[in-house]
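# Working through the structure, step by step
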Amino acid sequence: MPTPDTFWSYFGATLTYLAVLAIPGGLVGRAAGLRGWALAGLAPLLSYTVTGLAGPWLALAGVSYNPLTVAGVTAVLAGLGFGLRKLGQSRGWIKPGAEEPPTKWHPRAHYAVAACVALAVGISILVVLSARGGTTAVFQRWDTVFHANGIRYIAETGDGSLTGMGTINWYPDGSFYPNAYHLVGSLVYSISGTTIPVTLNAITMPVAGIFALSMVALIRQLGGRAVFAGCTALVAAAATTGAYESVSSGLLPFALGIVLTPLAVVALARFLARPGLDTGYVLALTAVGLLAAHSSALFGALLFAFPLVVQRWYRALRHKRLDGVPEGRGGRRVIGGDVVKMVPVMAGSALLAAPHILGALKFTSGSYPYYAWGSDLPVVKSLGLLVTFRQVLSAPQVWLTVLLVIGVLSLFRLGRMRWIGLAALGFSALFVLVASFGAEPWVISLSRPWWNDRYRLMALAAIPLCLLAGHGMAELQRWFAKWASGRSWVKSRPALPARLGLATAVFIVAASAVLTKGFYTESNAHAVSFLYYNGPEGEVTPPVSADELAAMNELTKMGIGPDEKVLNERFDGTAWLYAITGIHPVAGHYDPGVPPPDAKYLALHFRDYDTDPEVRAAVRRLNIKHVLIGSTPIKIGEPPAPGLRDLDGLGFLRKDFGNAGASIYTLTR
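About the thresholds
- Residues numbered from 1 in each chain as written.
- Predicted model: local features only at pLDDT ≥ 70, side-chain atom pairs only at ≥ 80, totals over all residues.
- Heavy atoms only, no water.
- Helix = DSSP H or I, 4+ residues; strand = E, 2+ residues; numbered from the N terminus.
- Pairing = 2+ DSSP bridges.
- Contact = heavy atoms within 4.5 Å.
- Polar contact = N/O pair within 3.5 Å; in protein donor to acceptor, adjacent residues only side chain to side chain.
- Buried < 20%, exposed > 50% of the residue type's maximum accessible area, 1.4 Å probe, protein only.
- Arc of directions from axis to C-beta.
- Phe/Tyr/Trp six-rings, centres within 6.5 Å; stacked < 30°, edge-to-face > 60°.
- Lys NZ or Arg CZ within 6 Å of the ring centre and 35° of its normal.
- Patch = residues over 30% accessible without salt bridge, like charges linked within 9 Å, V, L, I, M, F, W, Y side chains within 5 Å.
- Areas by Shrake-Rupley, 256 points an atom, 1.4 Å probe, with all protein chains shown as cover.
- Salt bridge = Lys/Arg side-chain N within 4 Å of Asp/Glu carboxyl O.
- Lys, Arg positive; Asp, Glu negative; His and termini not counted.
- Charge placed at Lys NZ, Arg CZ, Asp CG, Glu CD.
- Axes fitted to C-alpha atoms, helices over the stretch in contact; angles between N-to-C directions.
- Left-handed = near helix turned anticlockwise from the far one by under 90°.
- Nonpolar A, V, L, I, M, F, W, Y, C, P; charged D, E, K, R; others polar.
- Disulfide = S-S within 2.5 Å.

### Side note on unusual backbone geometry
Negative phi values dominate among residues other than glycine, just as trans dominates among peptide bonds. A cis geometry characterises the amide bond from Y171 onward to P172, with omega recorded as 5 degrees. In this structure, P172 sits in the loop between α5 (144-157) and α6 (180-192). Of note in the backbone geometry, H319 takes a positive phi value of approximately 60 degrees without being a glycine. Despite not being glycine, D646 shows a phi value in the positive range, around 50 degrees. Tracing the chain through its elements places D646 in the loop between β3 (624-629) and β4 (653-658).

Written as C-alpha cells, this is what we have:
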C-alpha cells in the first residue's frame, strides 16, 4: 500500500531511533563506568549489543522479543556492569581514572566538537531526505527487501532468533543472519507506529552522523586535538565511501557495522590503559555488538585496531612510556601481559555471542552458495578511486583528496595516533587487491568476510582515510593559526590571541563548506538516490512500483488469512508484500539461492496447474489461493519465471484486479 511520506512520520521515527540508540546502551555504559565522549560514542554500539543479545537469547528461552523484554535485558546487563565495577573497586583491583583521555579539552572545545557532530548528523539526514526524489520511499536494492521483511517479522511475532526472520523466504527453517540491525528496527517500528519503509528510512538517515560520533569518540579517547575531532566529524559526513556508498548499494547492516567500527579502538584503548572487570566488560560487549550488527564488522574492527596494538608493542620493546604500564617493565612482559589479559575478555565475548558463533559456523558449512565478484580494475584506477573517495559517482571528491594528502604528509604530527597511517596502508592494500585481483583464489579467500566485494572493502578503507583527511584539515587550522598569530594586527590586540584557535577553526570549517558545496551534500544525495532506483547514474525506474503498491493494498481487502501464502514472481517488487502489508508471499526475497522446493517448482510449472498434480500438491502445502504478479524486475531485462508468464485466460484463475503494472488472480479450483 502507499506508504506515508510526510515530514512528521519521518521525524517521529527518527526521534524514536535516536532514543533507542541512546537509552539502552547509555544505561549499560554508564553503569559500567563510561563517561563523556566515550559514553556518547559507545552508547549506540552498546544498544545494538543489548538488542543483539536479547533477540537470540530470549528466543532460546521461549520469551517474546519486545520493548518490555528489551528493557529487562538492559537492566540485567547494566546491573552486571555496575556489579563488576563495584566489585573491582571494593577489592582494590581497579582504580578508575587511568583509562580516561590523556589530555583535557577546554569546555569550549567540547561544545565546538558537539556542534560539529550535530552538523554531521544534520548533513546525513539532509542527504538521505534529498535522495528520495521519486514517488515512493521504498528501498529498491537487492537485500533491502530481506531487511524490511525481517524487521516486520520480529515486531509481529516476537521471534528474535537468528534464523526466524529468514522464514519469510527460506521456510520452514529460515536462514542464519546476524540480526541486531533488525532487532533495533523492530523496536522503532513498534514504538513509532510508522510503516516499514518509513522505519528503514529513519534508521538510515543519521548513519553518517553516527560515523562522525564514533570518530570523535576515538580521537578523544586517544588524546587528539578537539580541532582534529571536529574536522574528522565533518569529513565523515562528507565522504561518499564512508557510509553513503554502502547505503546506496543496499548494504544496510554492513553500513551500520562500518560506522560503529572505530568504537572498537575506544573500548580496546580503555582496557589496555587500565585492565579491569569494568573495562574488560565494556570491551567484551563492544566485540559482541559488532558481531551482532554484521559478521564482517568484528573482522574489520580487529584489523583496524591491530596497528594500535603493534604500535604499543613496538614502543614497549623500545622501553617507551605506555599508558597503564609501570616504568621499567620489559617489552616482552608487556606483550605477554596484554595477551593474557585479553583471554578472559575473549572468553566472555564468545560465551555471550555463542548463538551467533554457532549459527555462523553452521551457515558457512551449509549449502548457501558463495559467489566471488572477481573485480579486475587496473591498479592505477583502483588507487584513484581510493584517494578520491568514490566508486558509484563519476565526480571525484577533490577537496577531500587534498585534505588526505596534507594529512599523510603531516602524519608525524599525530603522535600516539600514528598507527592510523599503518591502518590506512593495510586497508588500502586490501582494497586494491580485491578491486584489481579479485578473481585470484587467494584473494577470494582473504576477502571472504566481505564477500570479495570491492565496495565493502572501500568502506573499510574509508575509516582510516577519513581520519587522515580530518587530520589534514586540522593541520590547515594549525598552520593558519600560527601564521595569523605572527601578524602585527593580531599582536596589537590583546584579546585576539586567546580567541585565535576558535576563529581559525571556524574559518577553516566555513571555507571547507564552501569549497565542497556543503560538504558534498548534493553529490552524496545523488549516490544515496541509487538506493531508491536500483540502477546506475540516470536510472529512475524502481522495481517496487506504484502500481505494485496499489495491488498490494488491494490484497489487504481480500481477507487473506495469516496461514496463507500469495504466489508471486521472485524478481519483481512483489517480494516486498510482507513488509508492506503483513501478507506472506511465496518468494520473500529477490535472492534465488537455495529457494524452498515448492517455491522453485511453482515458479517453473505453475501454468500447468490443471495437468500437473505436483503443482496442485505444492499449492495445497503452501495454502495458496491468490497470485500477485508485478512488472518491474530487480534485474533489468529479467523475464518472469516460466510458470508465471501469461496467466490471463487460464481456466483455473480469475483475474480480480489489474492495472498497468500489476495483476491479482484468484484460484477457482
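Now that the structure has been shown, we can carry on.
### Section: the pairing of β4
Sheet topology places β4 next to strand β5 (residues 663-667); five bridges connect them, and they run antiparallel. In the strand pairing of β5, L653 is matched with L667. Connecting β4 to the next strand, β5, in antiparallel fashion are four residues.

### Details of the environment of T574
Structurally, the position occupied by T574 is in the loop between β1 (565-568) and α26 (577-581). Along the primary structure T574 and H589 are separated by 15 residues, whereas in three dimensions their C-alpha atoms are 9.2 Å apart. Among all residues touching T574, those that are not within four sequence positions of it are E548, M552, N568, E569, P585, L628, I629 and G630. In terms of polar contacts, T574 uses its side chain to reach the backbone carbonyl oxygen of E569, at 3.3 Å. Among the polar contacts listed, one links the side chain of T574 to the side chain of D572, at a separation of 2.4 Å.

### Re helix α25 (residues 546-555)
Of all the residues in α25, the buried ones are E548, L549, A551, M552 and L555. Looking down the long axis of α25, one finds its buried residues gathered within 160 degrees of arc, a one-sided arrangement. Of the surrounding elements, those touching the buried residues of α25 are β1, α26, β3, β4 and β5.

### With respect to the packing of aromatic side chains
The description of an aromatic ring pair rests on the distance of the ring centres and on the angle between the ring planes. Counted by the stated rule, this structure contains twelve aromatic pairs. Seen in terms of ring centroids, F304 and W419 are 5.4 Å apart; in terms of plane orientation they differ by 65 degrees. Their pairing is edge-to-face. Placement of F304 in helix α14 (residues 295-317) and of W419 in helix α19 (residues 419-437) is noted, with a sequence separation of 115 residues between them. Judged on exposure class, the residue F304 and its partner W419 are both buried. An aromatic cluster is present here, built from W142, F571 and Y590 joined pairwise through their rings. Residue placement shows R220 over the ring face of W105; its charged tip is 4.7 Å from the ring centre. Its guanidinium or amino end placed over the ring of Y171, K565 lies 4.2 Å from that ring's centre, counting from NZ or CZ.

### A short note on a positive patch on the surface
A contiguous patch of positive charge, built from R315, R318, K320 and R418, is present on the exposed surface. Judged by its relative accessible area of 43%, R418 is partly exposed.

### Digging into the packing of helix α8 (residues 207-221) against helix α21 (residues 454-485)
Axis separation between α8 and α21 bottoms out at 12 Å; the angle between their running directions is 65 degrees. Between α8 and α21 lies a crossing of right-handed hand. Of α21, the residues touching α8 (which contributes F211, M215, L218 and I219) are I463, C466 and L467. Tallied by class, residues from the contact of α8 with α21 come to seven nonpolar, no polar and no charged.

### Comments concerning the state of the cysteines
In the structure shown here, the tally under the stated rule is zero disulfides. This cysteine, C116, is not joined by any disulfide, and C231 carries the nearest cysteine sulfur, 6.9 Å off. Of all cysteine sulfurs in the structure, the one in C231 sits closest to C466, which takes part in no disulfide; the separation is 13 Å.

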